[in-house]
2 protein chains.
Amino acid sequence: MYPQSLQKLIECFRRIPGVGEKTAERYALAVTEMDPSAALEFSRAIEEVKTRLTTCHICGNLSDEETCPICADPDRNHKMIFVVQSARDVIAMEKTGQYRGVYHVLNGLLSPSKGIMPEDLNLDRLVERAADAQEIIIATNATMDGETTAMYIDRLLKETCPDVLVTRIAHGLPAGGLLDYADEMTLAHALTDRRQM
Amino acid sequence: MYPQSLQKLIECFRRIPGVGEKTAERYALAVTEMDPSAALEFSRAIEEVKTRLTTCHICGNLSDEETCPICADPDRNHKMIFVVQSARDVIAMEKTGQYRGVYHVLNGLLSPSKGIMPEDLNLDRLVERAADAQEIIIATNATMDGETTAMYIDRLLKETCPDVLVTRIAHGLPAGGLLDYADEMTLAHALTDRRQM
């Protein structure tokens, strides 16, 4: 019912996960109302991201260069590797400003039900890097797939690089979290991982 | 913190009204995960919409041609004009399959507080079209600005084309609406606009 060019754009927006019919219509109409220069910039930005953006050949993080700025930074501790599911997690951690080591992006989590197997993840490179590292911090999500992946990597590293220290980020009450609002799993984790004050 | 090309795309998504920082990040990352061909299609679709899409010179609806398919359809009743705020409203009405007249898209609503004045709306063309019409159905939203615009158009048409019938779409309980959940304005409208059974 929409003009063909608009219909096409609505379909393109719909390909983004989580964007439904109504939202895609709203976004496409918003594009029609943009300045021509802003829309052209948008169109170019999509092209650029597909042509320029690549993954760092060391850590697998998204980068415009072959080596990402974090791996290229000599002031960071390259012996400490923080293992995450995706590039978004790198950003989340960098925003804390608390971490001075480097990262390793798995590009997914093991999930037998979705058919995601060890060979689908960026694991070979992790084993290579672990040989030179002091500590590998596994920071996959606290979900079923995240825990499975963490356990798998722990076993894999214990077999291949028995000297490296493998740690897991802490699970417990979130900052500002109320005890009586926390779910049982979180409380159970908080109890198990308690530390001396 | 994101690579420059990705950061740029995030900023472009943020220009869409209602898209916040997190959502823009999610959308931009989804684009990085698209097939290169799908992303190229997306980029082209944005360009196309800005180059091909125009407004119908008769009704102001969005169209790929100078005259939109509705205005060009000889089987429709061109003496009955349904006046709406935006192109989205045309689609909403067309989806009902109940209306066989034509449309007039105002491209906005009068809103003194936002500085939107009669000269900002597609009103001159409406007055011209009204001279040849039998009925003008005012279907602006049931909001303050929608009612103000409806009243303004009614007065304008009574002055310029006193012979044309000017009507307003009905306001009342929505389909499936429960009386005790309806707000007072809706109930008041439903009472005022009651009809004989």
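Scroll up for the structure.
Residues numbered from 1 in each chain as written. Chains lettered and ligands numbered in written order. Predicted model: local features only at pLDDT ≥ 70, side-chain atom pairs only at ≥ 80, totals over all residues. Heavy atoms only, no water.

Comments concerning the overall build of chain A
A count of helical and extended segments in chain A gives eight helices and six strands. Mapped from its N terminus to its C terminus, chain A presents α and β elements in the order α-α-α-β-β-α-β-α-β-α-β-α-β-α. Its C-alpha atoms give chain A a radius of gyration of 21 Å, clearly above 16 Å, the size a compact globule of 197 residues would have. The principal-axis extents of the C-alpha atoms in chain A amount to approximately 65 × 45 × 35 Å. By the burial criterion, 41% of the 197 residues in chain A qualify as buried. Long-range pairs, those at least 24 residues apart, make up 47% of the contacts in chain A with a sequence separation of at least 6. Accessible surface for chain A amounts to roughly 11,200 Å². Of this, 53% is attributable to carbon and sulfur atoms. One way to put it: in chain A the 21 positive side-chain charges average out to a point 2 Å from where the 30 negative ones average out. (Helix = DSSP H or I, 4+ residues; strand = E, 2+ residues; numbered from the N terminus. Rg over C-alpha atoms; globule rule 2.2 N^0.38 Å. Buried < 20%, exposed > 50% of the residue type's maximum accessible area, 1.4 Å probe, protein only. Contact = heavy atoms within 4.5 Å. Areas by Shrake-Rupley, 256 points an atom, 1.4 Å probe, with all protein chains shown as cover. Lys, Arg positive; Asp, Glu negative; His and termini not counted. Charge placed at Lys NZ, Arg CZ, Asp CG, Glu CD.)

Points about the sheet that holds strand β5 (residues 135-138) of chain B
Two modes of strand pairing occur in sheets, parallel and antiparallel, and in both the strands are linked by backbone hydrogen bonds. All names here are of chain B. Here we have four strands laid out as an open sheet, ordered β4-β3-β5-β6, and parallel in their pairing. Each of the sheet's edge strands pairs with one partner strand only, and the pair in question is β4 (101-105) and β6 (165-168). Each neighbouring strand pair of the sheet contributes to a mean axis angle of 25 degrees, computed without reference to strand direction. The pairing of strand β3 (residues 77-84) with β4 spans five bridges and is classified as parallel. Bridge pairing in β4 places Phe 82 opposite Tyr 103. Sitting on the sheet, helix α4 (residues 87-96) touches β3 and β4, and the angle it makes with β4 is about 160 degrees. Contacting β3, β5 and β6, helix α6 (residues 144-160) crosses the sheet at an angle of about 170 degrees to β6. (Pairing = 2+ DSSP bridges. Axes fitted to C-alpha atoms, helices over the stretch in contact; angles between N-to-C directions.)

Some words on unusual backbone geometry
In this structure, Asn 107 of chain A is a non-glycine residue whose phi angle is positive, near 60 degrees. As for its placement among the helices and strands, Asn 107 of chain A is situated in the loop between β4 (101-105) and α6 (124-130).

Quick notes on α4 of chain B
Residue and element names in this part refer to chain B. Restricting attention to buried positions, one finds in α4 the residues Ala 87, Val 90, Ile 91 and Glu 94. The buried side chains of α4 occupy one side of the element, clustering within an arc of 95 degrees when seen end-on. Along its buried surface, α4 packs onto β2 (62-63), β3 and β4. With its phi angle positive at about 70 degrees, Gly 97 sits one or two positions after the end of α4. (Arc of directions from axis to C-beta.)

So, the interface of chain A and chain B
Buried accessible area, meaning the area lost when the parts come together, often serves as the stated size of an interface. Contacts between the two partners involve 47 residues from chain A, matched on the other side by 47 residues from chain B. A combined buried area of about 4,600 Å² lies between chain A and chain B, and 69% of that area is made up of carbon and sulfur atoms. On the chain A side of the interface with chain B, the three residues burying the most area are Ile 46, Lys 50 and Arg 88 of chain A, jointly 14% of the side's total. At the junction of chain A and chain B, the tally comes to eight salt bridges. Glu 41 of chain B serves as the salt-bridge partner of Arg 15 of chain A, at 2.7 Å between the closest nitrogen and oxygen. Our count for the contact surface shared by chain A and chain B stands at 20 residue pairs in polar contact (both at pLDDT 80 or more). The set of elements that each furnish at least two residues to the side of chain A that touches chain B consists of α1 (4-14), α2 (21-32), α3 (36-52), β2 (62-63) and α5 (87-96) of chain A. Considering each element in turn, the side of chain A that touches chain B owes the most residues, 14 residues, to α3 of chain A. (Buried area = accessible area lost by both parts, 1.4 Å probe. Salt bridge = Lys/Arg side-chain N within 4 Å of Asp/Glu carboxyl O. Polar contact = N/O pair within 3.5 Å; in protein donor to acceptor, adjacent residues only side chain to side chain.)

Considerations on the packing of α1 of chain A against helix α3 (residues 36-52) of chain B
A packed helix pair is summarised by two numbers, namely the angle formed by the two axes and the spacing between the axes. For the pair α1 of chain A and α3 of chain B, the least separation of the axes is 9 Å and the interaxial angle reads 150 degrees. On the basis of their axis angle, the class for α1 of chain A and α3 of chain B is roughly antiparallel. You can see that α1 of chain A and α3 of chain B cross each other, and the crossing is left-handed. Facing Gln 4, Ser 5, Leu 6, Lys 8, Leu 9, Cys 12 and Phe 13 of chain A of α1 of chain A, the residues of α3 of chain B in contact are Glu 41, Phe 42, Ala 45, Ile 46, Glu 48, Val 49 and Arg 52 of chain B. (Parallel < 35°, antiparallel > 145°, perpendicular 65-115°, else oblique. Left-handed = near helix turned anticlockwise from the far one by under 90°.)

As for the nonpolar core
Core analysis: the biggest nonpolar cluster contains 50 residues, and Phe 13 and Phe 42 of chain A together with Phe 13 and Phe 42 of chain B have the highest contact counts within it. Ranked by size, the runner-up nonpolar core spans 33 residues in total, among them Val 84, Leu 121, Leu 126 and Leu 157 of chain A. (Core = buried A, V, L, I, M, F, W, Y, C linked by side-chain atoms within 4.5 Å.)

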